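So you can see what is in the structure, the chains are spelled out below.
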Amino acid sequence: MLSSNAGLKYESQRLAVKYFIVAIVLFGAQLLFGLLAAIQFIYPDFLFNILDFSINRIVHINALVVWLLYGMIGAVYWLLPDETGIETVGIKIGTLGFYILTAAVAVVVLVYLLIQVGPGNEMTTWLITEGREYIEAPRWADIGIVVVVLVFLWNVYATAFKGKEITGIVAVLMADLLALAGLYLAGMFYTTNIAMDQFWWWWVIHLWVEATWEVFVAAVGGYMLIKTLNASRKVVEMWLWIEVAMMFGSGILGLGHHYFWIGTPEYWWEIGALFSALEPVPLIGLFVHVLYDWGKERGKGNDIKNTPAFAWLTVETFGNFLGAGIWGFMHTLPQINLYTHGTQWPAAHGHLSFFGAYVAILLGMAYMLAQGKYGLEKMKMTKAGWWAISLITGGVLLMSISLTLSAYTQTMIERGEFGATWEGYFIAQNATWFVQGMGWRLVSGLAVVAGYVLLVYDLLTIGKKQKA
Ligand code: HEM
Ligand code: HEM
Ligand SMILES: [Fe+2]
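Criteria and thresholds
- Residues numbered from 1 in each chain as written.
- Chains lettered and ligands numbered in written order.
- Predicted model: local features only at pLDDT ≥ 70, side-chain atom pairs only at ≥ 80, totals over all residues.
- Helix = DSSP H or I, 4+ residues; strand = E, 2+ residues; numbered from the N terminus.
- Rg over C-alpha atoms; globule rule 2.2 N^0.38 Å.
- Buried ≥ 20, exposed ≤ 12 C-beta atoms within 10 Å, placed from the backbone.
- Contact = placed C-beta atoms within 7 Å.
- Expected span 1.5 Å × (residues − 1).
- Core = buried A, V, L, I, M, F, W, Y, C linked by C-beta atoms within 7 Å.
- Near = placed C-beta within 6 Å.
- Nonpolar A, V, L, I, M, F, W, Y, C, P; charged D, E, K, R; others polar.
- Axes fitted to C-alpha atoms, helices over the stretch in contact; angles between N-to-C directions.
- Left-handed = near helix turned anticlockwise from the far one by under 90°.
- Parallel < 35°, antiparallel > 145°, perpendicular 65-115°, else oblique.

Asker: Any details on the overall build of the chain? Residues and values, ideally.
Answerer: Helix and strand content of the chain: 16 helices and 0 strands. Computed over its C-alpha atoms, the radius of gyration of the chain comes to 22 Å, within 12% of the 23 Å expected for a compact globule of 468 residues. Projected onto the principal axes, the alpha-carbon positions of the chain cover approximately 65 × 50 × 45 Å. For the chain, with 468 residues in total, the buried portion stands at 47%. Of the contacts made within the chain by residues no fewer than 6 positions apart, 79% connect residues no fewer than 24 positions apart.

Printed below as a string of structure tokens:
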């Protein structure tokens, strides 16, 4: 993927490759800092006062969100010329935006690492961190992000209107990206009221991952199905619109499942319970839809045009359903959430859902780029690619199961038996099943890291090898 991009027809696709390179590097950073945090769970003295758990955790989850956004922007710059038939309109300023954003990300991370403790005041918000989980970037970087995203949005809209036609995929993306970008603003309000702060902060996190991002991957997944399986555009787009309607419906009011215990009015219990329980419905639609399309297309001599990309798309379909649909539903009713809230349960769900819904599909897109860059008719799975997908997927699945077992122990002992007391907390933290779960998380994390190394190797070499 790395070497010269000269083979590509469109500047937009060359920019897409740049976005993906940074995305994959940040993915590596995410895994590294996750590993350090996991070691600290078992050996609390590890790197104490040198690189604290709080910082490792910040870098781990913020790198995750940032690299997924890089992958999404890259995916759009990649498919835009394909869908519209023209070069992206403002590609020069788009490229400039990329360099500004990347420089800003580097500075933000350096500041996290260099200034690990200090007072939390106005200055901290502007220069160091806003302290809002997952989107911790300080205000100056927030403003920079908004500017770069505006350039990106303008590029998408201007290119779509100037292009030969606006396909269903592009139309959905136009609406979705506007909502996605607009929601970011909800995470920038400043208030000293923690309940109000959480209220708005969830607009970003929940309405991203459970509404706008889901619609995004449905659109990109549709594009990938058309490219890898020659799927009928009509069928793909019909499902896309159905999913848009269902996802926005359940996803938006499903927001209520984060309003149970933060001081918001009690009617959120009912709203949250009902609508968030409906959320898996579109995920079932997505799941059935992909299998159905696949079944129809198989055996018609219509070979898969990119096996690794299709394999990752399959992982996405199952992973999204399991991680978001099943693992989300497990703790979404207030009667259950009362006991699971604040345990490792959300972490188990968070790992499997983020991986299943977003990591997997973007890694599939990375293979689409690798194929396009070398102009290959077909891309076949390599041995390294097979080991990479198996180790990463198997590792994250094992990690989620380990965390679920730890969470179960916490729920039973700390919450059920001891009624969320100080004493109960420590008894649960030292319970055998909890501790073992933390150990298995470390083991599975190492498997994911090994898979990552193979993935990078494969992405760098697969195109050249298969061209030859
Ligand atoms: C791909 C989609 C999804 C992703 C990436 C995702 C990710 C996450 C993450 C990371 C958290 C933890 C947030 C924190 O740090 O406090 C969380 C919380 C939660 N998620 Fe999801 N989620 C998704 C879909 C769903 C769905 C479909 C449901 C319900 C069926 C659901 C139910 C919940 C609940 C109830 C919580 C709150 C747990 C608590 O605070 O006690 N999620 N989600
Ligand atoms: C694709 C892979 C991964 C994804 C999508 C991912 C995602 C996440 C998310 C969303 C959270 C926040 C969970 C919450 O607060 O509810 C988190 C926390 C964490 N992750 Fe990961 N992660 C991945 C890989 C790893 C790896 C390889 C390790 C290392 C073993 C790791 C270790 C941790 C640790 C220790 C935390 C902090 C948990 C806590 O505060 O209790 N993660 N990760
Ligand atoms: Fe949610």
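Asker: Give a description of helix 2 (residues 53-84) that names residues and reports values.
Answerer: Helix length check: helix 2, at 32 residues, gives a terminal C-alpha distance of 46 Å against a target of 46 Å (1.5 Å per residue), a fit within 8%. Of all 32 residues making up helix 2, 27 are buried, and the element is well covered by its neighbours. Backbone geometry just after helix 2 places G85 at a positive phi near 80°.

Asker: Lay out the nonpolar core in plain terms, naming residues and giving numbers.
Answerer: Considering soluble globular proteins, one finds that nonpolar side chains tend to be buried as a cluster. Counting residues in each nonpolar core, the largest one holds 127 residues, and the members touching the most others are A219, W312, L362 and A366. For this core, the element with the highest residue contribution is helix 2, accounting for 20 residues. In this structure A219 touches I169, V172, L173, D176 and L240, once residues within four positions along its chain are discounted.

Asker: Before we move on, can you summarise the site of ligand 2 with the specific residues and values?
Answerer: Residues in close proximity to ligand 2 total 22 residues, the closest being G34, A37, A38, G350 and G445. For the shell around ligand 2, the secondary-structure elements that each account for two or more residues are helix 1 (11-42), helix 2, helix 13 (345-373) and helix 16 (432-467). Looking at the shell around ligand 2 element by element, the count peaks at 7 residues for helix 13. Class assignment for the residues of the shell around ligand 2 results in 15 nonpolar, 5 polar and 2 charged.

Asker: Help me get a handle on the site of ligand 1, residues and values and all.
Answerer: Surrounding ligand 1, one finds 23 residues, the nearest of these being A324, G328, H341, G350 and A357. Listing elements by their share of the shell around ligand 1, those giving two or more residues are helix 7 (194-229), helix 11 (307-330), helix 12 (334-340) and helix 13. Here the element with the most residues in the shell around ligand 1 is helix 13; it accounts for 6 residues. When the residues that make up the shell around ligand 1 are grouped by side-chain class, the tally is 7 nonpolar, 13 polar and 3 charged.

Asker: Just give me the short version of unusual backbone geometry, but keep the residues and values in it.
Answerer: Residue Y134 is not a glycine yet carries a positive backbone phi of 80°. Since 18 C-beta atoms lie within 10 Å of it, Y134 is described here as partly exposed. Notably, N230 is not glycine yet its phi reads approximately 60°, a positive angle. On the secondary structure map, N230 appears in the loop between helix 7 and helix 8 (233-253).

Asker: Explain helix 8 to me, and be specific about the residues and the numbers.
Answerer: For helix 8, built from 21 residues, the straight-helix expectation of 30 Å at 1.5 Å per residue is met to within 8% by its first-to-last C-alpha distance of 30 Å. Looking at helix 8, one finds that the buried residues are V236, W239, L240, E243, V244, M246, M247, S250 and G251.

Asker: Lay out the packing of helix 7 against helix 11 in plain terms, naming residues and giving numbers.
Answerer: It is the contact of helix 7 with helix 11, at a shortest axis distance of 11 Å, that shows an interaxial angle of 145°. Note on packing geometry: the crossing formed by helix 7 with helix 11 is left-handed. Seen from helix 7, the contacting residues are V217, G221, M224 and T228; seen from helix 11, they are A309, F310, L313 and E316. Looking at side-chain class alone, the contact of helix 7 with helix 11 contains 5 nonpolar, 2 polar and 1 charged residues.

Asker: So what's going on with the packing of helix 6 (residues 168-184) against helix 8? Which residues, and what values?
Answerer: Interhelical geometry of helix 6 versus helix 8 gives an angle of 20° and a closest axis separation of 10 Å. With respect to helix 8, the axis of helix 6 lies roughly parallel. Pair helix 6 / helix 8 crosses with left-handed handedness. Here G168, I169 and V172 of helix 6 come into contact with helix 8, specifically with E237, L240 and V244. A per-class count over the contact of helix 6 with helix 8 returns 4 nonpolar, 1 polar and 1 charged.

Asker: Describe the environment of Q371, naming the residues involved and giving the relevant values.
Answerer: Within the secondary structure, Q371 is located in helix 13. Since 22 C-beta atoms lie within 10 Å of it, Q371 is described here as buried. With residues near it in sequence (within four places) discarded, Q371 still touches N306, L376, M379 and G463.

Asker: Outline the environment of F355, supporting the account with residue identities and numerical values.
Answerer: Tracing the chain through its elements places F355 in helix 13. Residue class for F355 comes out buried when judged on the 26 C-beta atoms lying within 10 Å of it. In the structure, F355 is positioned 298 residues away from R57 in sequence and 17 Å away in space, judged by C-alpha atoms. With sequence-adjacent residues up to four places away left out, F355 is seen in contact with G319, G323, A360 and V396.

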